[in-house]
Every structure is written in C-alpha cells, then in structure tokens.
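Okay, here's what each chain looks like letter by letter:
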Amino acid sequence: MNQQRREFLRKAGFAALAGLGAAAGLNPLHALEKTDTSVFPRKPVEGKVRWGMLIDTRNCPEGCTKCSAACHFEHNVPDFSGTKNEVKWIWKSPYEKAFPTSGMQFKSDELEKLEVPTLCNHCAEPPCAKACPTEATFKRWDGIVSMDYHRCIGCRFCMAACPYGSRSFNWQDPRPGIEIFSASYPTRERGVVEKCNFCSERLVKGMLPACVEACPGKAITFGNLNDPASDIRALLAREETMQRKPELGTLPSVFYII
Amino acid sequence: MRKNILMSAWIALALLLAVGIFMQQESGAGTEPSATASGKSESTSCVYPKEFMKSHHMQVLDEWRHDSVREGDRIHVTPDGREFEKSLNTCLDCHSRNKMFCFMCHQYANVKPTCWNCHLSPMEVTK
Amino acid sequence: MLEKALKGNRAYWIWMVLLVMVIVSGLSAWGRQLEFGLGVTGMGRDISWGLYIAQFTFLVGVAASAVMVVLPYYLHNQKAFGKTVIVGEFLAVSAALMCMLFILADMGKPQRVLNVLLHPSPHSMVFWDVIVLNGYLLLNLVTGWAVLGAERKGVLPPAWTKALIYLSIPWAFSIHTVTAFLYAGMPGRHLWLTAVLAPRFLASAFAAGTALLILISFILKKSAGYDIGFEARKKLTVLAAYAGVANFFLLGAEFFTAFYSNVPAHEHSLQHLYFGLHGHAAFVPWMWTSLVVGIGSVIVLLVPLFRSRPRLLVAACIGLIASIWVDKGIGLVIGGFLPTPFEEIVGYVPTITELQVTFGIWAIGLLVLTALLKVVVDVKNG
C-alpha cells in the first residue's frame, strides 16, 4: 500500500516529494493529528496537473457499491431515503442512463445490464462554475472543480447547469442522515450544494481517492492527464475510451472503458 | 467588522499577488517550488502573538481558508521561520489538551460561531 | 406624496388588511423554511427549481412590459397613454420587487446574498440579472415618482427624468433578455437551449404584462374612478394581441425544429410536456389547456367585434395571463428539468409552505402596487 502510494506520488508529478511519501501517510480517521507541512507542495503551478479518472467497467464488479460506500463515509455524505432530498457523490447508474446519447438500438446483452459508476466529471470547461454567481464553485489549479461551502448562497444554478446530474443540494441539515461521522472531512450545512471533490483532501496528503482505493476490481485509474508518462495517459493511449455527453463540449476528466 | 474582513482580505490578496509574482519570477528561472524538510510543526507559541489572536483569530482563519481552499497555498510561515498548515485542524491540534479551548471563550463572550455546523468540534472527535 | 396611501375608504383598508394577513402567513412559512431548509418545498435533487423561480421568471416579464406604454408615450408621443404610463411604471416596480423576493425565498443561504456583489462574477448570468433588475426597479421608481411629483406641483418634470426614461426603454428589454440567458446558456437542458428563448420571453412578457395592465385599468376605473381612456385601452389590446401572436409563432417554431429534426435531445422535453414521455403525462393537460386558452384569448383580442365587449376583453386578458403563466412557469421552468440528465421523469408538487410563501410574496407586491397606485389616483384626480 505504501509502495503503491509512493508510485502514485512519483507518477503524479510530486517527484520532489516521493522520498517523503511515507511521512505523508496520515491517518484520515484522525482529523486533529499533528500536521506535517513538508508534504505539501508550495504554491501550486496553474495547469501543471489536471487530475483525471479512468473507470474500466470491465473490472467493475456487478452489484458492488464499495466505491460509493467508501466515498460517502469519507466525506460524511448523508443518507436520506427517497430521491427527493438525496445527496450523492458517486453512485452506479445503468449504462443507457449514464450515456443517453450513445447508440441505443440493438444493445448487447452485456450493455443491457451494465451499471457504471457516475460522479462529477471535473470538466475542463465546467458549465457549473460558469453559472455560479459567487465563484463558490470554481476550477482549481489542478483541474478539480471545487466547492467553497463557505461562499455558496444555495441558488442551485450549478445544479441546473450541470448536464450530468452530479450535484446535490442540502435540502435539510445533513447531520441526522450521517450514521458514523468521519473526521477526515467536514460535514455540510443545510442550504449549500455539494459534489465529488476528487478527494482533494486526500490528494494533498499524497493519497489516492477513496473510491480508487476501495475498488476490489482495481477498475479505477487516477492520475495526471497533463503528464504524458502517467498511467492514465498510457491507458488512454492504449484503450478505446468514452466520456459522458462529449457533444456538449464540457471536456470531462472522467473516462470510461465499456 | 465586515469592513475589517474586507480590508484584511484585500491585504491578503495584495500579499498573495506579490508572492505570486515573486514565485513566477523564481519558476521562470527554472527552479521548481520544492517542499522544505522542516518536518512536523512542534511549537510552543502561536502563529501570531497571543493578543492578536485573541482579537483576530477569525480573520486569520478566514484568510487561511481562502488561501488553502481557493489558492492552494497551504503553508503559513511565521516571521521566525516556523511552518504551519493553514487549517482549522492546526489550531485544534495545538490546543488539543483543552477540549474546551474554543468554547470557554465563546461562551464567556456570548458569541455563537457557526464553525461546528460543519467542522467536527473537539467535543465530537474521539481520539 | 406617500401620505396619500395612508388615507382611503373602507374597501381600500379591507383590501390592505387582507394583504397583510397573507403576508404574515407567508412570513411564518418562510420562517419554517429557514429553520428546516428548502426540504420543506416540493423541490428536490432532480427538479431543483420550482414555484419560486417560475414566479420570478413570469414576473420579470410583467416588469419588462412597462416598456409597452413607456416607449409609445415618450418616443412616439402617443398622448393616449398619458394616464397609463405611470401605472405601467409602478407595476414594473412592484413586479421587480417580487422578482427579488422570489429569488431570496429560493436561496438556500439568503443571509449570504451579498456574496453576489462581494465576489462579482461577470461570467455568471445571475450577476447581470441582479444588476439589471435592481437598476430597472430604481429607474422606474425614481422616474415615476419624480414625474408624478412634478405633476402634483403643476410644474414640468426635471430634465434628468427624460434621460432616465429613455434609458429605461432598452433596460426593459435587457431584464428579460438576461433572464432568458439564465436558461438559454445551459448545455444539458434542451428545452432551454434555444436561441428563440429570449425573443419568446419578450413576446410572452409583452402579451401577459400588457393584458395585466388592461385588467388593472378596469379595476382602477371601477374602484377609484380612474379611467385611462378608451383609446389607451384599445391600443393596449392591440399590443397584447400581436405580442401574443408572436409568442405562439415562436412556440410553433420550437415545435418544428424539435419534431421535424427528430433529434431526441431536442424532442424529448417538448414531447414530455405536450404528449407525455415514457408513460409520464402529468404536464399534458396543463400545457394543452394553456395552449387552447392562450390562442383563444389572442383571437378575442385580435377581432374588433370580440374585443369591443368589455366582459369578453376581461376574460381574454385573464385567459392570456393564465396561459402564459402556465406555459412559462410550470412548462418552461419546471418542465425544463425533465427529462433529467439521466433521462428520467420525476414528479414535483409544491407544498403548502411553498404556496404560503408564494402567496405572501404576491401579497407584498400587491400591497406595494396598491399603495403606489393610490398615490397616482389621488394626485391625478387632484
């Protein structure tokens, strides 16, 4: 696991930090631990990194929801029954709902029952960030479309703008919907929008996103799309991949192998 | 109060810009911004003088939040060269011996900060 | 001048007290919403805007339609509108006020509303909407008030009012254009992603807003003996009729592109609204009623034989307003979310709390409008 993390760090362009990889391993379950500032990069360079994700659905076990469980625990995502007040960051959707604009006639039996993990695409051209009137949601220096919960006014413009249904609003206080609190990420308040953050709180400590680590089929590859030597770029070069609704020009950073 | 926050935000922004320009020049010269190996922030004194923190910790936290969330600038360097992660947890960690550290003062001053609506308070974290 | 709103007959006060009661009920509902969160409404993850934003969209149109009397009167010297202009301007003021209140009611964190100005984001259409709506409210309030004040003193209005009035004309078009751009720039919502949305917004606004003005003119005549005149009403009727024709023409254009091109994304939203999709047809009766009533009303407004009968005229105005309210509010705003990005159809039913807040805000608008028009009537009637 440490070996894997060190590998990830090296590949991810934190070459200078690779030697400190072990020191970077902070226990996410304890929020109030001593901080080790040496693991953080200084001022980030804009555009040097663009985080991306490749989901190989061939290795995504049928009926498994471990990615979503790990993510939702890590980030204190509440669980409310029913779809109306639902909050979700990563979840499985039937193939034809995740890719409604792909060919639908005469699907193979495999596609007919395929479910794929869906999450925020961290678009390079995010319509949500454009629509936000306060820049509470914005594209970060590393391509992550981030949320500033302290600034969000809850107008839900981003939800209308997102063509992937990736955003959730806190229609009520989320805390009653959280069974066990994780100390690695704050909860949210009622009245703000939230979504997947590509585990930016883990990345900064040199860890992989929770869903990547939780996947028993190792179906998710995570890395720097701007680094031609990264694993994800190698896979993208080798395999035939898809993005959700590419015709909208949002340039998603999440890719799929079907 | 709001004016103060705005003021300090502007100052922080100006500083950031200055730092940004400085950094750019540096990276232009071909050096990569690298992490220092100063290790853990074992410290017995605060990031700012005690009196200043008493009156301005909310502004400090607000600036820290802005810097780390929005700019990715996560390290606070004190004038004497000590480094801290710009995080509420840095404060809570240092003051972890007294779980009531925040509450005592806030209760005395009868202020109700909204921090704990989202951040887990020291009372909620089991260690 | 405002003191004139504090003197009135029994009927005036009964009406005002009634409005205050509705406002109080709305405020208590809003309190509940602040306490629990927007979960008390019928909105949800998929239909994330509802009745509030629907009212907002409709009312921006009402506000913009003041230009239908301001423009002919000030640019084309149509003296017939002399007694109508101020009514139109104050209707715009109260409509713009309601718009802002509906936005506030729809916000998850209304206490942070100033963030829109503290962190100005020109790339967001909301930023521009806040600017144009506030500006439009001020323009109409200031010019209307100044011109009325001058009239009371029997002097000519100050010269600067002319400049502001001229400015308010393109400004009126801007408020509804920007409101349409709120929707028309979103890549994944195909009912909204259309270049004719702004023109259609303007057309439907000018139809419904002008029809509302005609209704108000009848109410003023009946309750306060303030008659804007036969000529003015006739001109307004023609304006509303042609705006209505333009609106339904543009709707037809939408139908053609969606169904002739047969592109599923374009087709699905309209299909869902007017014919039902995947077996979901909750909107169908609403949309067809709106269409039939709307076209019927426009015909009444167009044909002199029909529109010359006051009762039929009133019915047609009510019909046109209701038709456009359904089309723009229920159809466009709520229907725009369906099918969802996952090609699903979900339901939306406003809750009692949501309705209470909505009526409360309408009551605030009517209260302000009544008070302003009371001043107008008292000044004009001497």
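The following refers to the structure shown. (Residues numbered from 1 in each chain as written. Chains lettered and ligands numbered in written order. Predicted model: local features only at pLDDT ≥ 70, side-chain atom pairs only at ≥ 80, totals over all residues. Heavy atoms only, no water.)

1. Some words on the overall build of chain A
On a plain count of helices and strands, chain A comes out with ten helices and nine strands. The burial tally for chain A puts 64% of its 258 residues in the buried class. For chain A, the share of sequence-separated contacts (at least 6 apart) that also reach a separation of at least 24 residues comes to 67%. (Helix = DSSP H or I, 4+ residues; strand = E, 2+ residues; numbered from the N terminus. Buried < 20%, exposed > 50% of the residue type's maximum accessible area, 1.4 Å probe, protein only. Contact = heavy atoms within 4.5 Å.)

2. Observations regarding the sheet that holds strand β8 (residues 220–224) of chain A
Residue and element names in this part refer to chain A. If you walk across this open sheet you meet the three strands as β8-β1-β9, and the pairing is mixed. The outermost strands of the open sheet, each flanked by one partner alone, are β8 and β9 (254–257). Adjacent strand axes in the sheet meet at a mean angle of 20 degrees, parallel and antiparallel pairs treated alike. The sheet contact formed by strand β1 (residues 51–56) and β9 spans four bridges and is parallel. Residue I55 lies in a different strand from β9, and its bridge partner there is Y256. Most of the contacts of helix α10 (residues 231–238) go to β8, to which it runs at about 115 degrees, and overall it touches β1, β8 and β9. (Pairing = 2+ DSSP bridges. Axes fitted to C-alpha atoms, helices over the stretch in contact; angles between N-to-C directions.)

3. A few points about the pattern of salt bridges
What the rule picks out here adds up to 27 salt bridges over all chains. Residue R58 of chain A pairs with D56 of chain A through a salt bridge whose shortest N-O separation is 2.9 Å. A single salt-bridge network, built from bridges that share partners, covers D148 of chain A together with D62, R65 and R70 of chain B. (Salt bridge = Lys/Arg side-chain N within 4 Å of Asp/Glu carboxyl O.)

4. Some details on the packing of aromatic side chains
Per the counting criterion, the structure on display carries 28 aromatic pairs over all chains. The interplanar angle of 70 degrees and the centroid separation of 4.8 Å between the aromatic rings of Y183 of chain C and W192 of chain C together place this pair among those described as edge-to-face. Of the two residues, Y183 of chain C and W192 of chain C, neither departs from the other in class, the shared state being buried. By the ring-pair criterion, three or more aromatic residues cluster together here, those being F157 of chain A together with W49, Y183, W192, F201 and F337 of chain C. Above the face of the F169 of chain A ring, R156 of chain A is positioned so that its terminal group lies 5.0 Å from the ring centre. Cation over ring: R188 of chain A sits above Y149 of chain A, and NZ or CZ is 5.7 Å from the ring centre. (Phe/Tyr/Trp six-rings, centres within 6.5 Å; stacked < 30°, edge-to-face > 60°. Lys NZ or Arg CZ within 6 Å of the ring centre and 35° of its normal.)

5. As for the nonpolar core
Counting 172 residues, the largest nonpolar core has M53, L119 and F198 of chain A together with W49, Y183 and W192 of chain C as the members making the most contacts within it. Here this core gets 14 residues from one element, more than from any other, and that element is helix α8 (residues 197–224) of chain C. Summarising the domain contributions, this core has at least three residues from each of domain 1 (1–185 + 349–382) and domain 2 (189–203 + 233–348) of chain C. Every residue in contact with F198 of chain A, bar those within four places of it in the chain, is listed here: W51, G52, M53, L119, H122, I144, L203, P209, F222 and V254 of chain A. (Core = buried A, V, L, I, M, F, W, Y, C linked by side-chain atoms within 4.5 Å. Domains from an automatic or database assignment.)

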